[in-house]
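Structural overview for review
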Amino acid sequence: MSRSVRTKPEGSGQALSEAYDTALLDLDGVVYAGGSAIAHAVESLERAREGGMRLAYVTNNALRTPDIVAGHLTELGIPTGAEDVITSAQAVARLISEQVPQGARVLVIGGEGLRVALRERGLVPVESADDDPAAVVQGFGGPDLPWGRFAEASYAVARGVPWFASNTDLTIPSGRGIAPGNGAAVEVVRIATGAEPQVAGKPLPPMHRETILRTGAQRPLVVGDRLDTDIEGAFNGDVDSLLVLTGVTDGVQLLAAPPQHRPTYVDADLRGMLGRQPEVVEAGGGGFRCGGWTATAGADRLELDGEGEALDGLRALCAAAWTAAGEGVCELDGGKALARLGI
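We now turn to the structure provided with this report.

Analysis parameters
Numbering of residues begins from 1 in every chain and follows the order in which that chain's sequence is written. A pLDDT threshold of at least 70 governs which residues receive local features in this predicted model, and a stricter bar of 80 or more applies before side-chain atom pairs are shown or counted, although totals over entire chains, interfaces and linings include all residues. Each side-chain value is derived from all of the structure's non-hydrogen atoms; neither hydrogens nor water enter the calculation. Strands are runs of DSSP state E lasting at least two residues, helices are runs of H or I lasting at least four, and both sets are numbered from the N terminus onward. For this analysis, residues touch if any pair of their heavy atoms sits within 4.5 Å. Whenever a nitrogen or oxygen atom comes within 3.5 Å of another N or O atom, the pair is scored as a polar contact, on the condition that within protein one atom can donate a hydrogen and the other can accept it, and that pairs from neighbouring residues in sequence are kept only if both atoms are in side chains. Throughout, exposure labels follow a simple rule: accessible area from a 1.4 Å probe, protein chains only, divided by the maximum for the residue type, with under 20% read as buried, over 50% as exposed, and the rest as partly exposed. Note: two strands are recorded as paired if DSSP finds a minimum of 2 bridges between them. Handedness of a crossover is defined as follows: orient the strands so they point away from the viewer, and if the path from the first strand over the helix to the second runs clockwise, the crossover is right-handed. Here an axis means a line fitted to C-alpha atoms, over the contact stretch when the element is a helix, while the angle between two N-to-C directions is reported on a 0 to 180 degree scale. Pairing of aromatic rings covers Phe, Tyr and Trp, the last through its six-membered ring, and needs centres within 6.5 Å; plane angles under 30 degrees mean stacked, over 60 mean edge-to-face, and all others mean tilted.

Examined against the element boundaries, Arg149 turns out to sit in helix 6 (residues 148–158). It is 23 Å that separates the C-alpha atoms of Arg149 and Gly103, two residues lying 46 residues apart in sequence. In contact with Arg149, not counting residues within four places along its chain, are Leu107, Val108, Ile109 and Glu127. Looking at Arg149, its side chain comes within polar contact range of the main-chain oxygen of Val108, at 2.8 Å.

The following block contains the structure:
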């Protein structure tokens, strides 16, 4: 591994909203869940923006256009313009435009977000493999996307037409639970053709490049709830990250995170952007202390002693787990320690 391995969450003497010029925020599980704002999100983002931090919203969902996403955020009480939203549709459209001629036809398997992004790059969306497309692009099309669209993609890809995917997230959260995401739809075409698409979305570099090009960020902070997209995307972009515990990642997953999934900072929710982050320090005997807690890696489990804020205990446990694991995955049992913290 070319870069140093993170062995503990970092501290910050400044509020993160002051230390970084731009927050690159994931949406579902960070800002809202099931369409409703997550607790403390609206007021935290307002304070960060008033303090001079730029807010940009970065989503792997290629279905909705930036205008629609911005409108939804504004309705939630978070004033947002379309220019503040970056989607995987935009990232994949740029990727395609760099490989096909201006004005080329692109077979679209997905929703309006893809079509708008392609037109923005001077490409022409088409609907059939018989329309002589120069590329095929596949993005999340929602629950009503007809099965025949996958066949249309397969016909073109089997003829050798270059294949692109906005992202490969296997699942997507919904108000009723977890539903198949674009990655599941990509698997259908992969099985039918044996081909592999070029992928643009998080955690891959094309998506990070798109966010930097559109925001002009000099000191960006990625804020997300998923280790395998948000945090790994920050790792791949070599920028700092804040994991918030309002979405899919729980304490067990965090303790077992491999190096590319270890965030710079850990906090409960978006209020973590507004304050300092406490230091995790070595405590002797292989232990790590944060606040009133000390964590150590025992023979077969993680040990936790002390009292205080639960998040400080979690940060100390992360240091013990990640140090013990090195470049691997911590296999020590942390369940009892996490239960003590209520995490």
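Burial of strand 8 (residues 135–138) is two-sided: the residues Ala135 and Val137 facing one way and the residues Val136 and Gln138 facing the other way are all buried. Bridge count for strand 6 (residues 105–109) against strand 8 is four bridges, and the pairing is parallel. Looking at strand 8, one finds that Val106 is bridged to Ala135. Examined bridge by bridge, strand 8 and strand 9 (residues 163–165) share three bridges and lie parallel to one another. Residue pairing in the sheet places Val136 in a bridge with Trp163 of strand 9. You can see the chain leave strand 8, run along helix 6 and come back into strand 9, and the turn it takes is right-handed.

With that out of the way, let us pick up the sheet that holds strand 15 (residues 265–267). Pairing in this open sheet of six strands is parallel, and the strands run 5-4-1-13-14-15 from one edge to the other. Each having just a single partner strand, strand 5 (85–87) and strand 15 make up the two edges of the open sheet. Neighbour-to-neighbour, the strand axes of the sheet open up by a mean angle of 25°, direction not taken into account. In this structure, strand 1 (residues 22–25) lies alongside strand 13 (residues 220–224), joined through four bridges in parallel fashion. Paired with Leu25 across the strands is Val223, a residue of strand 13.

Another point: the packing of aromatic side chains. As enumerated under the stated definition, the model contains two aromatic pairs in all. Judged by centre distance (5.3 Å) and plane angle (90°), the ring pair of Trp147 and Phe150 falls under edge-to-face. Classification of Phe150 by relative accessible area gives buried; the value is 10%.

Glancing now at the environment of Glu75. With respect to the helices, strands and loops of the structure, Glu75 is situated in helix 3 (residues 66–75). For the pair Glu75 and Ala37, spaced 38 residues apart in sequence, the C-alpha to C-alpha distance is 9.9 Å.

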